[in-house]
Amino acid sequence: MAKQTSESASQPADLTGADQHSVCKVALVGFGTVGRAVAKILCERGDGALRLTHIFNRNVQRKKQDWVPREVVWTEDLESVLNSDADIIIELIGGLTPAEQIVRRALESGKSVVTANKQLIARCGPDLLKLAATHGAQLEFGASVAGGVPVLPALRTGLCGDRLHGIAGILNGTCNYILSRIENARVPFSEALEEAQAKGYAEADASEDLDGGDARAKLAILALAGLRAQVAPESIRARTIRPVDAVDFDYAAELGCTLRQISRAELKAGKLFADVGPCLVPADSPFGRVQRNLNLVLTSGQYGGDMAFLGAGAGGDPTAVAVVSDVMFVAEGLAGPKRAVTNSVATPEISCDFETAWYLRFFVRDQPGIVAKLAQILAAHRLNIDSLLQKPGFDKASLPFVITLEPCADSQLRPALEEMSGLEFALRPCLCLPILR
Ligand SMILES: NC(=O)c1ccc[n+]([C@@H]2O[C@H](COP(=O)([O-])OP(=O)(O)OC[C@H]3O[C@@H](n4cnc5c(N)ncnc54)[C@H](OP(=O)(O)O)[C@@H]3O)[C@@H](O)[C@H]2O)c1
């Protein structure tokens, strides 16, 4: 870190904790939604402790803003950024290529890195953390999960004294927007998706969100940071929300529940139980009350019990706050000697074999003997029916009804579902959802 100039010496008090007479130089890689908001905060802070030196982006000319100080270098030459005297590189271009290379090269040259890139951290986080440690640099990724909700910093500092055994969250704002929209307006799934796309809450190809890929990458990062478990995102089962129908909210309401996409990870006897997908949750529970595109993360610890973190999981400004907070945290570390106390990371066996109660929804062509046939299959697999729900008024040619099951392991239920999939009266595959109480 360079000495502070006379220009910044007269600025307001430094609240970062960084040395009063030093300035931390910061280079921004990626000037999109989040990068622009980060630049704005850095330029408006004006306390002299953090100084933006470079802004890198492809075709950078079109990105230039008159509110950025003239000293800042706008560039599309990555080498000039990596070879500069910047202390911290903020990576905000997203994706794996070339972000991974940029982050690796920055760390190898001893620069610390702050990123919001969930794909990169979910796939390469443990490796990059090692690389950072080897080169005396820091890697922070607080905005990579739940955007502006400071759950990762809480895991790193406020909760690291506990021994966490469970993390569950609503981690995908797109899914939550769609599900809470169906809940409140009873619109079909396709209409809720179109609305989300029109409002900019869902991309044109929303598969990563709807089918759980986005949430399981975030869950892998939470498992690493909170449960000290290294897990490849692909090894976490992801179930899609696409088959959820407005009628499922009617039946869920009968059970005092609603539906949300829940990502959950639990450490039990050295195994990591993990799953992402739609679940029934009590309507009056913290998860049941999360509306629109908000995120909620709940942690369970051996000593501290349960904690909740709620807020904006995306958006330029909230995410930029998380990024700048990470930059300030790193800058504090750069200001003085630091002793690292790290917890070891395990690579546990991954399982999705949770034991829960279950919601099975069928769409059938009505005929005598349907319930008897389903009950026979369930009994043959030693599965106990808890309730049978059938709302009146539906067309008999496409009749939805629900069976709920008493708690049993996922693995005990799967063969019964397999057997049910071949029944000639079933119009759609049975929708099978965990009921979380
Ligand atoms: N947006 C959110 O609410 C949010 C929330 C949490 C985390 N994040 C994460 O934050 C990161 C940035 O997201 P964002 O929403 O700001 O993305 P964005 O709006 O697409 O911005 C990315 C920027 O990087 C530039 N870029 C992309 N590839 C490049 C390359 N190969 N070389 C040079 N420049 C390149 C883009 O330039 P062009 O303009 O030419 O495309 C764009 O300016 C991502 O990792 C994202 O997952 C975002």
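The sections below set out a description of the structure shown in this document. Since we're looking at a predicted model, the values are computed, not measured.

### Notes on the site of the ligand
Stage number 1. Taken together, 21 residues are adjacent to the ligand, and Val34, Asn57, Arg62, Lys63 and Gly315 come closest.
Stage number 2. Contact distances for the ligand include 3.3 Å between an oxygen atom and a backbone N or O atom of Gly32.
Stage number 3. Within the side chain of Asn57, an N or O atom sits 2.8 Å from an oxygen atom of the ligand.
Stage number 4. Protein contacts shield 74% of the accessible area of the ligand, which totals 890 Å² for the unbound molecule.
Stage number 5. Looking at the shell around the ligand residue by residue, the class counts come to 9 nonpolar, 8 polar and 4 charged.

### Concerning the nonpolar core
Stage number 1. Counting residues in each nonpolar core, the largest one holds 53 residues, and the members touching the most others are Ile178, Leu280, Leu360, Leu374 and Leu413.
Stage number 2. Look past the residues within four positions of Leu280 in its chain and what remains in contact with it is Ala252, Leu255, Cys257, Thr258, Leu259, Tyr359, Leu433, Pro434, Ile435 and Leu436.
Stage number 3. One finds Val81, Val145, Leu159 and Ala229 within the second-largest nonpolar core, a separate group that totals 52 residues.

### Observations concerning helix H13 (residues 370-380)
Stage number 1. Here H13 has its buried residues at Ile370, Leu374, Ile377 and Leu378. Buried residues of H13, viewed axially, fall in a sector of 100°; they line one side. Residues Ala372, Ala379 and Ala380 are exposed on H13 and point more than 90 degrees away from its buried face.
Stage number 2. At its buried positions, H13 is contacted by strand S15 (355-364), strand S16 (385-389), strand S17 (399-409) and helix H14 (410-420).
Stage number 3. The positive-phi residue at the C-terminal boundary of H13 is Arg382, with phi of around 55°.

### Digging into the pattern of salt bridges
Stage number 1. If you walk through the whole model with that rule in mind, you get 25 salt bridges.
Stage number 2. When the shortest N-O distance is used, the salt bridge between Glu140 and Arg156 registers 2.3 Å. Residue Glu140 is found in strand S7 (residues 139-140), and its partner Arg156 is found in helix H6 (residues 151-158); the two are separated by 16 residues along the sequence.
Stage number 3. Take Glu140: its relative accessible area is 9%, and that puts it in the buried class.
Stage number 4. By sharing partners, the salt bridges in this structure join Arg237, Arg239, Arg264, Asp275, Asp410 and Arg414 into a single network.

### A few points about the state of the cysteines
Stage number 1. For the coordinates displayed, the defined rule picks out 0 disulfides.
Stage number 2. Cys352 forms no disulfide, and the closest cysteine sulfur to it belongs to Cys432, at a distance of 11 Å.
Stage number 3. Owing to a relative accessible area of 25%, Cys352 belongs among the partly exposed residues under this scheme.

### Examining the packing of H13 against H14
Stage number 1. Look at H13 against H14: their axes get within 9 Å of each other, and the N-to-C directions meet at 150°. In terms of orientation, H13 lies roughly antiparallel with respect to H14. Crossing geometry of H13 relative to H14 is assigned as right-handed. Residues Leu374, Ile377 and Leu378 of H13 lie in contact with H14, whose contacting residues are Ala416, Glu419 and Met420.
Stage number 2. Taken together, the residues of the contact of H13 with H14 sort by class into 5 nonpolar, no polar and 1 charged.

### Let's talk about the pairing of strand S10 (residues 257-268)
The side chains of a regular strand alternate between the sheet's two faces.
Stage number 1. Counting buried positions along S10 yields 9 of 12 residues, so the element is predominantly enclosed.
Stage number 2. One ladder, built from 12 bridges, connects S10 with strand S11 (residues 271-282); its direction is antiparallel. Of the residues in S11, the one forming a bridge with Arg264 is Asp275.
Stage number 3. Linking S10 to S11, which pair antiparallel, is a turn of 2 residues; within it Ala269 sits at a positive phi near 50°.

Rules behind the numbers
- Residues numbered from 1 in each chain as written.
- Predicted model: local features only at pLDDT ≥ 70, side-chain atom pairs only at ≥ 80, totals over all residues.
- Heavy atoms only, no water.
- Near = heavy atom within 4 Å.
- Polar contact = N/O pair within 3.5 Å; in protein donor to acceptor, adjacent residues only side chain to side chain.
- Areas by Shrake-Rupley, 256 points an atom, 1.4 Å probe, with all protein chains shown as cover.
- Nonpolar A, V, L, I, M, F, W, Y, C, P; charged D, E, K, R; others polar.
- Core = buried A, V, L, I, M, F, W, Y, C linked by side-chain atoms within 4.5 Å.
- Buried < 20%, exposed > 50% of the residue type's maximum accessible area, 1.4 Å probe, protein only.
- Contact = heavy atoms within 4.5 Å.
- Helix = DSSP H or I, 4+ residues; strand = E, 2+ residues; numbered from the N terminus.
- Arc of directions from axis to C-beta.
- Salt bridge = Lys/Arg side-chain N within 4 Å of Asp/Glu carboxyl O.
- Disulfide = S-S within 2.5 Å.
- Axes fitted to C-alpha atoms, helices over the stretch in contact; angles between N-to-C directions.
- Parallel < 35°, antiparallel > 145°, perpendicular 65-115°, else oblique.
- Left-handed = near helix turned anticlockwise from the far one by under 90°.
- Pairing = 2+ DSSP bridges.

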